[in-house]
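Observations on the model geometry
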Amino acid sequence: MDMVEALFLTPEQRLLTPYYEDEFATLYHGDCREILPLLGQFDLLCTDPPYGKVKGDFDNEWTNRPAMLASCREWLDAMVPCLKSNGTLYWFAWPSLAGRIEALLAENLHVLAHIVWCKPRSSAQTHSPEALRAPAPETERILMAEHYGSDNMARGESGYAAQCEESRRDVFAPIREYLVGELARSGWTREAVNVAWRTKYGGKGGMSAHWFSKSQWAIPTAAHYAWLRDLFNLSGCTAYLRKEYEELRKEYEELRKEYEELRRYFDMRTGDQKTDLWKFPIEMIQYGHPTLKPLALISYIIRLSCRPSGVVLDPFCGSGTTLIAAKSLGRKSVGIEIDERYCRIAAERLAGTTPPLFPAPAAPAKPRQDNLFTEDKNEG
Ligand SMILES: C[S@@+](CC[C@H](N)C(=O)[O-])C[C@H]1O[C@@H](n2cnc3c(N)ncnc32)[C@H](O)[C@@H]1O
């Protein structure tokens with residue numbers, strides 16, 4: 001686009017003009033708080049926002065913790081609407097702020113894990129003991145969260161059950177609508193199904209409310225689906241509708257597959273790091289960004305939590321590691337970066353036109369013990 005064309009763009013069009021674009025990745029240059037509201041929803045949000053007073057010029061915007069946390073809240077408020085109801089968020093954080101950020105996340109989302117990223121052969125062990133007044137941080141944290149778990153049941157937290165139910169209503173609507181449709185086609189009513197249930201299994205209730213209504217929805221088990229099939233095929237209900245009815249249209253395996261495709265994706269495999277302690281070495285290849293994350297670690301997150309047809313979002317994409325990892329795994333991705341210098345690096349990495357600049361820098365001489373905000377009175 002030339003300068004004259006750019007003059008006629010609306011502010012929204014200007015924000016959404018990609019800095020870089022290819023078949024897999026789209027990169028926007030700008031403030032994610034302005035761009036996120038213009039985007040749709042994503043399967044995976046994998047992001048590494050500034051840690052605050054750790055490393056990099058972008059880390060020094062704040063002089064105290066409350067101000068830093070206020071920014072985290074703004075970022076989160078902009079991100080949550082971009083997460084699909086069955087999507088997953090991973091948020092990188094520095095250990096001393098991770099607890100506070102987790103508390104922020106928990107106000108909006110259901111925190112699934114507080115992952116400890118441990119770096120083998122870290123330099124922390126080499127610090128002289130006199131330089132330390134507390135254990136040196138050797139780990140970074142990755143907070144994993146989802147919208148209120150659509151495939152979970154209540155866990156006793158206040159409001160949790162209601163929130164789960166709301167997500168279940170959204171996420172599994174296609175399967176519920178299919179079952180309701182089959183009920184109507186068969187000529188049975190919910191109450192009649194409950195009566196049949198009680199006749200077979202005893203008790204006072206039935207499963208109709210779970211299978212055919214929005215409240216407390218649950219997928220039938222294979223055995224119960226087979227029972228429903230037999231029931232719907234029984235003669236004795238409305239004769240006219242019976243003539244129209246020809247079996248439940250879907251095999252149980254098909255229904256279960258659809259259920260798996262709708263629920264939050266999590267592709268843990270044999271041989272994977274299965275606990276919340278993850279070991280990944282720091283990235284040895286650098287491209288001129290001070291806080292580049294290891295490609296192997298980001299690739300692991302994407303493989304775990306973004307189905308192959310899904311789209312990944314990184315609103316703080318720095319040198320574009322998330323976009324590179326997504327592309328190499330055949331996933332589409334969108335990145336946002338506020339600093340044009342880092343957009344350039346990301347674009348060059350994506351286009352494959354930049355060689356690595358230098359190996360990872362040597363360990364810092366002084367240990368970083370905490371987020372040392374100058375005005376910090378521990379009030380955050
Ligand atoms: C910790 S770095 C991310 C590094 C990245 N994971 C990588 O591997 O290159 C955070 C990035 O967020 C960018 N940033 C800070 N505030 C931002 C904002 N409001 N919108 C978009 N990007 C922002 C910074 O310029 C910085 O490059």
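Residues numbered from 1 in each chain as written. Predicted model: local features only at pLDDT ≥ 70, side-chain atom pairs only at ≥ 80, totals over all residues.

Attention now goes to the site of the ligand. Near the ligand there are 21 residues, and of these Phe316, Gly318, Ser319, Thr321 and Ile338 occur at the shortest range. Every element with two or more residues in the shell around the ligand is listed here: α3 (32-35) and β10 (332-337). Among the residues making up the shell around the ligand, the classes are represented as 10 nonpolar, five polar and six charged. (Near = placed C-beta within 6 Å. Helix = DSSP H or I, 4+ residues; strand = E, 2+ residues; numbered from the N terminus. Nonpolar A, V, L, I, M, F, W, Y, C, P; charged D, E, K, R; others polar.)

With that settled, the discussion passes to the pairing of strand β5 (residues 110-118). The pairing of β5 with strand β6 (residues 139-146) spans eight bridges and is antiparallel. From the neighbouring strand, isoleucine 115 faces β6, where its bridge partner is isoleucine 142. Note: β5 against strand β7 (residues 277-279), three bridges, orientation parallel. Within β7, the residue paired with valine 116 across the bridge is leucine 277. (Pairing = 2+ DSSP bridges.)

Spatial strand order, β1-β2-β10-β9-β3-β4-β6-β5-β7: nine strands in an open sheet with mixed pairing. If you trace the sheet from one side to the other, it starts and ends with β1 (20-21) and β7, each paired once. One ladder, built from six bridges, connects strand β4 (residues 83-93) with β6; its direction is antiparallel. Bridge assignment links leucine 89 to a residue of β6, and that residue is alanine 145.

Turning to the packing of helix α4 (residues 65-79) against helix α5 (residues 95-108), a few remarks are in order. One way to put it is that α4 packs onto α5 with a least axis distance of 10 Å and a crossing angle of 35 degrees. Both α4 and α5 take part in a crossing whose hand is right-handed. Two secondary-structure elements touch here, α4 through Leu69, Cys72, Arg73 and Leu76 and α5 through Arg100, Ile101, Leu104, Leu105 and Asn108. Of the residues in the contact of α4 with α5, the class split is six nonpolar, one polar and two charged. (Axes fitted to C-alpha atoms, helices over the stretch in contact; angles between N-to-C directions. Left-handed = near helix turned anticlockwise from the far one by under 90°. Contact = placed C-beta atoms within 7 Å.)

As a further point, take the environment of threonine 291. In this fold, threonine 291 is placed in the loop between β8 (285-286) and α13 (295-305). The class for threonine 291 is partly exposed, based on 19 C-beta atoms found within 10 Å. For threonine 291 and aspartate 48, which are 243 residues apart along the polypeptide, the C-alpha to C-alpha distance reads 9.2 Å. Setting aside residues no more than four positions away along its own chain, threonine 291 makes contact with Lys55, Gly56 and Gly318. (Buried ≥ 20, exposed ≤ 12 C-beta atoms within 10 Å, placed from the backbone.)

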